[in-house]
Amino acid sequence: MDFLRNTLSMIPLLASGIPMVLNLTVYSLILAVVVGLILSLVRIAHVPFLNQVVVVIVEFLRGTPLLVQLVYIYYVFPVIGIHIDPVVSGILGLGLNYAAYVSEVFRSSINSIDRGQMEAALSLGYTPPRAMAKIIIPQSLRVSVPPLGNYAISMVKDTALTSVIAVTEILKQANVLASTTFQVTEAYTAAAILYLVISLPLSGLVKVAEWRVNRNVAK
């Protein structure tokens, strides 16, 4: 009973970190979507030099741990004179890391659209960029919704990694609470509950969005 009571008593204290988790997730996801779309379009355009540069960037971001990237941005960049706020460092790290994965989602979803769509648009007088913006990308976004939703859920959990760069979110506060109260198990259990409270409704929203997309495609 003491364990349960102590754990529940810590939840309100740690809940003050929820806004930071949500802010990190929202801004990082926006950055990931924008950068990921740009990277995917560069690869689809098959510009020789730029295509190789993008491939290197994507493989580097996917091939190195997110935690290392966060630490590098916050602790190594100041060595070369670039000082970045902890929260901004967290957003950059999360956003750029996920952009590599999102770019592959966009690339595959755009490539899944029938080539006849582009040919039909060009025959109607559309320029390739306009056809891509008005016809191809909107259709590909429907295919992209489920994986993007899953990445959003993963990003919520990965915000915990920003605790190592002094971002005061749920896990950082749990670390402080555990060290001051010595109730380690209770503190981290309370943190796990809060991450679950955020992730479960988001997971439900993703399922609803996926259902709506599938229903519209069926029509």
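Residues numbered from 1 in each chain as written. Predicted model: local features only at pLDDT ≥ 70, side-chain atom pairs only at ≥ 80, totals over all residues. Heavy atoms only, no water.

This next bit is on the nonpolar core. The tendency in soluble globular proteins is for nonpolar side chains to be buried side by side. By size, the foremost hydrophobic cluster in this structure holds 16 residues, and its most contacted members are Leu14, Val21 and Ile170. Tallying contributions element by element places helix α9 (residues 184–218) first for this core, with six residues. Non-local contacts of Leu14, meaning those with residues more than four positions away in its chain, are made with Ile170, Gln173, Ala174, Leu177, Ala187, Ala190, Ala191 and Leu194. In terms of nonpolar packing, the next biggest core, distinct from the first, is built from 14 residues, Ile91, Ala99, Val102 and Val167 among them. (Core = buried A, V, L, I, M, F, W, Y, C linked by side-chain atoms within 4.5 Å. Buried < 20%, exposed > 50% of the residue type's maximum accessible area, 1.4 Å probe, protein only. Helix = DSSP H or I, 4+ residues; strand = E, 2+ residues; numbered from the N terminus. Contact = heavy atoms within 4.5 Å.)

It is worth spelling out the UniProt feature "domain: ABC transmembrane type-1" (unreviewed entry) in the protein at this point. Within this structure's numbering, the places UniProt gives as "domain: ABC transmembrane type-1" (unreviewed entry) are residues 18–206. For residues 18–206, helix accounts for 83% and strand for 0%, while the C-alpha atoms at its two ends are 20 Å apart. (UniProt positions renumbered as here; feature names shortened; annotations may be inferred.)

Now for the UniProt feature "transmembrane region" (unreviewed entry) in the protein. Those places that UniProt annotates as "transmembrane region" (unreviewed entry) correspond, in this numbering, to residues 20–42 and 187–206. Taken as a whole, residues 187–206 contains 100% helix and 0% strand, while its terminal C-alpha atoms sit 29 Å from one another.

Take a nonpolar patch on the surface next. Together, Val26, Tyr27, Ile30, Val34 and Ile38 make up an exposed nonpolar region whose accessible area comes to about 480 Å². Tracing the sequence through the fold places Ile38 in helix α2 (residues 18–45). (Patch = residues over 30% accessible without salt bridge, like charges linked within 9 Å, V, L, I, M, F, W, Y side chains within 5 Å. Areas by Shrake-Rupley, 256 points an atom, 1.4 Å probe, with all protein chains shown as cover. Salt bridge = Lys/Arg side-chain N within 4 Å of Asp/Glu carboxyl O.)

Here the focus is the environment of Glu104. When you line up the elements, Glu104 lands in helix α5 (residues 86–111). A relative accessible area of 17% places Glu104 in the buried class. In sequence terms Glu104 and Leu37 are 67 residues apart; their C-alpha atoms lie 8.9 Å from each other. Every residue in contact with Glu104, bar those within four places of it in the chain, is listed here: Arg43, Val58 and Arg62.

This paragraph deals with the packing of α2 against α5. Interaxial distance between α2 and α5 falls to 5 Å at its minimum, and their mutual angle equals 45 degrees. By the criterion of interaxial angle, the relationship of α2 to α5 is oblique. For the element pair α2 and α5, the recorded crossing hand is right-handed. Here the residues of the contact of α2 with α5 sort into 21 nonpolar, seven polar and three charged. (Axes fitted to C-alpha atoms, helices over the stretch in contact; angles between N-to-C directions. Parallel < 35°, antiparallel > 145°, perpendicular 65-115°, else oblique. Left-handed = near helix turned anticlockwise from the far one by under 90°. Nonpolar A, V, L, I, M, F, W, Y, C, P; charged D, E, K, R; others polar.)

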